[in-house]
Every structure is written in C-alpha cells, then in structure tokens.
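# Architecture at a glance
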Amino acid sequence: MSWRLLPDLASRSLGGGVPYVSDELFAAGDNLVTDAAPSFEARTFGPKGQVYDGWETRRRREPGSDQAIVRLGAPGIVRGIVVDTAFFTGNYPPYASVEGVAVGGYPSPAELAAAPWAPLVPRSALAGDTRNEFEVTGAHRCTHVRLTIFPDGGVARLRVHGEVVPDPTLLPAVFDLAAMEHGGQVTGCSDMFYGPPHRLIAPGLARVMGEGWETARRRDDGNDWVLVKLAAPGVVHIAELDTSHFKGNAPGAASLRGADARTADLDDPAAWFDILPRTRLQPDTRHRFPIPPAAAPATHVRLDVFPDGGMARLRLYGEPTGDGRAALAARWQSTSRSRT
C-alpha cells in the first residue's frame, strides 16, 4: 500500500502537537499539525502582516536555520513525509530536512534537544506552494520528528505518514482492536468517493459528516466494503457501527466477517466467518452489538455496507490472543532505536 494512504501520525486529531519552535513571529507552529487542508484569504492583515495558515518565521539576518519539533500523536514507523508549502510563494524555505527520534515518557523541549536524532529526510530542495513529498526508508519507530528549514520562511503543514506501533504496556486487556492509535490499519475498500476509509478508525467521535467514510451512490446490484487489519490477532467482543451525522445517506444494513491470515488465505472465500451477520442500521445512530463468545480469533475484519452510504466510526472492542500480544511486544522492541 502506498505510504500516502497511511495515517498522518502527526495530526492533531490523533494527538499530535508542536512542543518547540525556534521562532514563530509571523504564524504559529501549531498550524503544522492541523488536520484541515491549508487555506488562504488574500489581503487579510493582522498586526504582523498577511495572515498565513501555517508556520512562518521572521527573516533571518544572521547565519542559521529554524526548527520545529513535532510530537507524533501515536508512535510509529515513518514511511513518508509531506512538507506542504501551500500559499507560501515569496516566503517559503528553499531547503528543509527532517529527523526522527524515539523518546520514552513525556520529554521536555530541553530533553528533546539533547536526544539522539536520526535523519529521515536529508536536506532537500523545496518548491513554493507545493506538497513536497519524500519517501522514508528504514524501520525505526519514532515518537517525535524535527523539521529544519534553511534558512527561514513558511511551511503550511507537516504530514508524517506511517504505521502506528503502540506501546503494548499501555494497552489494557480489552481494547479497540481496529483503532488507528492502537495499530489498526485499513488495507482496502471498494470506494472512497466522499471520504477515505481510515477515518472509520480515527480517535474520538466524528463531529460532522465529513469526518467519516462515505461512498458514491451505487447504480448496480453490488455493495461497498472496507477491510481492516487488526492491531493484533484477537477475538471481538463488542462491535460499534456508528452512522452519526449520516441521515439520508446511511447504509440500510451492514455485516462483519473475520479471517485469520496466519492460518488461511484471505483471498479464499471459505476463510471468512461471520462476526456480525447482516443487520439493519438506523441513520445518525451509534449502534453497539455484542458478539457471541464463540467467535474465532481474527487478524482481519471486513465491514460490508448494503448497498452503499456513509459511516462515521467502526469500533471492534476485543481481546488479543496470547501470541497476538506477544507479537505487539516483539514489534515494539524490534523497531526501537536508542532512546533517552
């Protein structure tokens, strides 16, 4: 799967933040992790000049560079970075670099400054008013990234796409196996015309319809679906199908099926078993369904909606298997680099 389809680990909705910037005289560093796309309104002036939706530093009059440290909302392996200079034309930085580090606990800016940073994106040329994209190699987990711009200027957004790697010691016995912040991942879907499917497993409740997944109207006899790889192999106990804000466009019904990729081929129809049989849904409603105790372990769950429509969130509360929890711990250890 392209890294562009992986979640933005730095996004504010996932818990990302900006604990340090070297300068933010013209525009605040917090804007770097805003979920919404950058916006601009010409001739909108504040006390410090034209208002920009991004991070912008003053013009340097001495040698050096500016930096912003971003705390990732969820620790993970960074696969791609976007340094978005949208609407910055005569004031964008000509070059930038990005480093990453994994630091335990809740470090202060001073502790982060002394951490052992490693390169993710070397010093690279940027274009103005552009999504500057960089693929990242390596498989080390990061908790923070550091953006350096040379020598100064403005960046609208920093997107840090990657795979969540949760700390297994912070996961309770039963948790949402599908949640993005726990390492759940959407690996396929039939349609995402109005909204990408990874929103289904985002943190929190959807505030508006636009924060969910929605398909185009079907004009055939088929139905739409989403495939989710669980954070760990486990048994689902409670399924939540939330159609909040979808009123005239909610699915009429939905079903959940599971499969265990450790013992079966996901392309084999016989590998799939029912978790929740086809069930009627109501518009604008958080539905919760108990799953029978006899449900088998799954590594993947497929949500089918009939025939189409939108859904705000999918929650699959359950318990990882013993080897599933061991796999979480092993991945956490294997992706660690030296930490402070």
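This is a predicted model, so every value here is computed, not measured.

### Some thoughts on the packing of aromatic side chains
- All chains considered together, the criterion is met by four aromatic pairs.
- Considering the side-chain rings of Phe-40 and Tyr-52, the 5.5 Å spacing of their centres and the 35° angle between planes classify their relative orientation as tilted. With Phe-40 in the loop between β1 (17-21) and β2 (45-46) and Tyr-52 in the loop between β3 (49-50) and β4 (55-56), this residue pair connects regions lying twelve residues apart in the sequence.
- Its relative accessible area of 17% is what places Tyr-52 among the buried residues.
- An angle of 15° between the planes, with centres 5.5 Å apart, marks the rings of Phe-40 and Phe-87 as stacked. On the criterion of sequence distance, the pair formed by Phe-40 in the loop between β1 and β2 and Phe-87 in the loop between β5 (66-84) and β6 (95-101) is long-range, its members being 47 residues apart.
- According to the relative accessible area criterion, Phe-40 is partly exposed, its value standing at 36%.
- Among the residues examined, Phe-87 registers a relative accessible area of 32% and is labelled partly exposed.

### Some details on the nonpolar core
- In terms of nonpolar packing, the biggest core is built from 65 residues, with Ile-81, Leu-147, Leu-158, Leu-241, Leu-256, Leu-303 and Leu-316 touching the most fellow members.
- At nine residues, strand β15 (residues 224-242) tops the list of elements feeding residues into this core.
- Contacts of Leu-303, omitting those with residues within four sequence positions, involve Leu-200, Trp-213, Asp-224, Trp-225, Val-226, Leu-241, Ala-254, Ser-255, Leu-256, Met-311 and Leu-314.

Definitions and cut-offs
- Along each chain, the written sequence defines residue order, and numbers are assigned to residues from 1.
- For a predicted model such as this one, the threshold for reporting local features is a pLDDT of at least 70, and the threshold for listing and counting side-chain atom pairs is 80 or more; totals across whole chains, interfaces and linings nevertheless cover every residue.
- Think of the side-chain values as coming from all heavy atoms in the structure, minus any hydrogens and water.
- Centres within 6.5 Å make a pair out of two Phe, Tyr or Trp rings, where for Trp the six-membered ring is used; the pair is then stacked when the planes are under 30 degrees apart, edge-to-face when over 60, and tilted otherwise.
- Secondary structure elements are taken from DSSP: a helix is a run of H or I of four residues or more, a strand is a run of E of two residues or more, and numbering for both begins at the N terminus.
- Each residue is placed in one exposure class: buried if its accessible area under a 1.4 Å probe, protein chains only, is under 20% of its type's maximum, exposed if it is over 50%, and partly exposed if it falls in between.
- Residues belong to one nonpolar core when they are buried, are Ala, Val, Leu, Ile, Met, Phe, Trp, Tyr or Cys, and are joined through side-chain atoms within 4.5 Å.
- Contacts between residues were defined by any pair of non-hydrogen atoms, one from each residue, lying within 4.5 Å.

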